Every structure is written in C-alpha cells, then in structure tokens.
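# Summary of structural features
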Amino acid sequence: MTETHAPLKLVVLISGRGSNLKAILEAIENGELSAVVSAVISDRNEATGLAYARERSIDTLALNAKDYPDREGFDAALLGLIDLFHPGLVVLAGYMRILSSEFVTHYAGRLINIHPSLLPEFRGLDTHRRAIEARCKTHGASVHFVTEELDGGPVVAQVRIPVLPDDTAESLSQRVLEQEHPLYVKVIQWVAESRLTLNGNTLSFDNKILEAPIQREAK
Ligand code: GRF
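Residues numbered from 1 in each chain as written. Predicted model: local features only at pLDDT ≥ 70, side-chain atom pairs only at ≥ 80, totals over all residues. Heavy atoms only, no water.

Looking at an unreviewed UniProt entry, the chain carries the name phosphoribosylglycinamide formyltransferase 1, with the source organism given as hydrothermal vent metagenome. Here is the UniProt Pathway (unreviewed entry) comment for the chain, exactly as written: "Purine metabolism; IMP biosynthesis via de novo pathway; N(2)-formyl-N(1)-(5-phospho-D-ribosyl)glycinamide from N(1)-(5-phospho-D-ribosyl)glycinamide (10-formyl THF route): step 1/1." Reading the Sequence similarities (unreviewed entry) entry of the UniProt record for the chain gives the comment "Belongs to the GART family." (UniProt positions renumbered as here; feature names shortened; annotations may be inferred.)

### What about the packing of aromatic side chains?
Taken as a whole and judged by the stated rule, the model has three aromatic pairs. A ring pair is formed by tyrosine 68 and phenylalanine 74, whose centres lie 5.5 Å apart and whose planes are at 85°; its orientation type is edge-to-face. Taking relative accessible area as the criterion, phenylalanine 74 reaches 1% and is therefore assigned buried. Both rings, one in tryptophan 190 and one in phenylalanine 205, keep their centres 4.8 Å apart while their planes meet at 70°; by these two values the pair is edge-to-face. Of this pair, tryptophan 190 sits in helix α6 (residues 169-192) while phenylalanine 205 sits in strand β9 (residues 202-205), and the two are 15 residues apart along the sequence. Like tryptophan 190, the residue phenylalanine 205 is buried in the burial classification. A cation over an aromatic ring shows up here: arginine 97 above the ring of phenylalanine 74, its NZ or CZ 4.0 Å from the ring centre. (Phe/Tyr/Trp six-rings, centres within 6.5 Å; stacked < 30°, edge-to-face > 60°. Buried < 20%, exposed > 50% of the residue type's maximum accessible area, 1.4 Å probe, protein only. Helix = DSSP H or I, 4+ residues; strand = E, 2+ residues; numbered from the N terminus. Lys NZ or Arg CZ within 6 Å of the ring centre and 35° of its normal.)

### Overview of the UniProt feature "domain: Formyl transferase N-terminal" (unreviewed entry) in the chain
Feature annotation in UniProt places "domain: Formyl transferase N-terminal" (unreviewed entry) on residues 9-188, given in this structure's numbering. Annotation note: span residues 9-188, helix share 36%, strand share 24%, distance between end C-alpha atoms 11 Å.

### Regarding the nonpolar core
One finds Leu10 and Ile188 to be the most contacted residues of the largest nonpolar core, which totals 45 residues. The greatest single-element share of this core, amounting to ten residues, is contributed by α6. Dropping the residues within four chain positions of it, isoleucine 188 is found in contact with Leu8, Leu10, Ile24, Leu33, Leu89, Val91 and Ile112. Core analysis: the next-biggest nonpolar cluster, separate from the first, contains 19 residues, Ala39, Leu79, Phe103 and Leu111 among them. (Core = buried A, V, L, I, M, F, W, Y, C linked by side-chain atoms within 4.5 Å. Contact = heavy atoms within 4.5 Å.)

### A short note on the sheet that holds strand β1 (residues 8-14)
What the eight strands build is an open sheet, ordered β3-β2-β1-β4-β5-β6-β7-β11; its pairing is mixed. The open sheet has two free edges, formed respectively by β3 (59-62) and β11 (214-216), since each of these has just one partner strand. Ignoring which end each strand starts from, the neighbouring axes of this sheet average 20° apart. Bridging between β1 and strand β2 (residues 35-42) involves seven bridges; their strand directions are parallel. The residue of β2 that forms the bridge with lysine 9 is valine 36. Sheet strands in contact with helix α1 (residues 19-29) are β1, β2, β4 (89-92) and β5 (111-115), and its direction is about 160° off that of β2. Its contacts with the sheet place α6 against β1, β4, β5, β6 (138-145), β7 (155-162) and β11, and it is angled at close to 155° to β7. (Pairing = 2+ DSSP bridges. Axes fitted to C-alpha atoms, helices over the stretch in contact; angles between N-to-C directions.)

### So, the layout of surface pockets
Take a probe with the size of a water molecule and roll it over the atoms, and the empty space left behind shows itself. In this structure, the largest pocket occupies an estimated 930 Å³ of space. In this structure, the largest pocket is lined by 37 residues; those nearest its centre are Gly94, Tyr95, Met96, Pro116 and Leu125. Among the elements that take part in the lining of the largest pocket, α6 stands out by supplying four residues, more than any other. Across the lining of the largest pocket, the residue classes tally to 14 nonpolar, 14 polar and nine charged. (1 Å grid on protein atoms, 1.4 Å probe; cavity = no way out; pocket = protein on both sides within 12 Å on 5 of 7 lines; lining within 4 Å. Points joined across faces, edges and corners; volume = space filled by probe spheres on them. Nonpolar A, V, L, I, M, F, W, Y, C, P; charged D, E, K, R; others polar.)

### A look at the side chain of glutamine 158
With respect to the helices and strands, glutamine 158 occurs in strand β7. Within the structure, glutamine 158 has its side chain in polar contact with the backbone oxygen of leucine 119 (distance 2.9 Å). Setting aside its immediate chain neighbours within four residues, glutamine 158 contacts Leu118, Leu119, Ala141, Ser142, Leu183, Pro213, Ile214, Gln215 and Arg216. (Polar contact = N/O pair within 3.5 Å; in protein donor to acceptor, adjacent residues only side chain to side chain.)

### Notes on the site of the ligand
Every residue lining the ligand is accounted for by Arg17, Gly18, Ser19, Asn20, Gly94, Ile114, His115, Pro116 and Glu180. For the ligand, an oxygen atom lies 2.6 Å from a polar atom in the side chain of arginine 17. Look at the ligand: alone it shows 360 Å² of surface, and the protein chains cover 85% of it. When atoms are counted within 2 Å of each cavity's grid points, the one that captures over half of the ligand is the largest pocket. (Near = heavy atom within 4 Å. Areas by Shrake-Rupley, 256 points an atom, 1.4 Å probe, with all protein chains shown as cover. Sits in = over half its atoms within 2 Å of the grid points.)

What follows is the structure in structure tokens.
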C-alpha cells in the first residue's frame, strides 16, 4: 500500500551561493521531492541564492545581525519569522551563522544541515583543504540533524568520493558539491515520506533504529 503525504513545508536558511537551495527547488519542480519551499531566509541581503527563490515567487527575507544586540536576539527574531510559515522542516543550506541553543532546542528533530565532510571528520570550515592536507583517500558530504554541538548532530546519510592525486581544495569542493545536491534532496524526501525521524538522539529509518549513517552511491 502506498501512503500519500501532503507536501512537506520547508523553510530554507542560506547565507550565500544557494546551490543546494537551487537543487531542492529543481527537485520539487521535477516531481522528485514532495515538498514546498514556504520561505527562504538569509542573514545576508546579498546572498545570491535569494534570487532563485524570488524568480519562483517564494517569500524571501533577510535579517542583518547588526540590527540585534546579540546572537540570542537575532535568533529569536529569526525563529519568529520562520514560525510564521509553520515549517515541517527547517533546512540549513550553506547557512553560516552559529545557532543559539534556544533556536536548536525549538526545532529539535526538525532542523537539518548538510556539511562538506564525512562527519565526524572535519567539523567546521575549510574541510576540503584539510582533507587534502591530511592525505585522505576519500572525502564527501554528510546530512545530519542539528544539535547544540557544532556539526555534531546525528548523521543520517553520507556520500563519499575519492580524493584524486592532483585535487586542489577547489576541484575537490566542486566534486563534493555535485554530490551534495542529490544527497540533500534524498534525505529531505525521506522526511517528507515520514521514513526518517529523530526522537531525542535516536534516528529511525523505516521504523528501525538507524545505527550508522546510510551510505549513498556517488552519482
Ligand atoms: C555547501 O558546501 C554545504 O555543504 C555547506 O555550505 C555550502 C553551501 O553551498 N554547508 P551552497 O550555498 O548551497 O551552494
């Protein structure tokens, strides 16, 4: 029996380029993803990704950290805006600000991120350069639920690619990015289908506890 679900309401947070946002929007358009992007919110007015949303008549908003006294104040305003859209899932897609614990707690189990490394390796920035410097044979990307620990929440799925002998941080980053897009779309679709849930710290996939990240084939 095939269950039908209402499209999952997403609010997507970005800070820049927005290629993951674009991949999500295209997957919705081609029927691969049963979701609707209710709003795209950025901490940078000039984020190029906002243009993709505007072209599609999706609500876009930008908040400026300078208008708020501290991180808590900024995140409280952000949370208030996000909740106007009643999202089923808040999607971090290249959102570069550290989130307050109040924010993370409010969206527990409904907040996901994509990170360009095979977590728990290389949390934080500059992952591609660090992977090359560490002479890693493989590198990749991970999708995880967000907790208070930076890049530390339960990892749902990963994709890995070989690091080539002549790879630079740029070439590796480009090849990982190409793999991020289908990975993120797939994980969001699992949430849309209620196949993937997080309760407390326990990930479940198809009603079974997920003991280790799902490994996806590179495309
Ligand atoms: C991606 O590499 C993502 O993994 C990381 O930030 C980058 C965002 O790229 N969190 P884009 O803005 O989606 O193009």
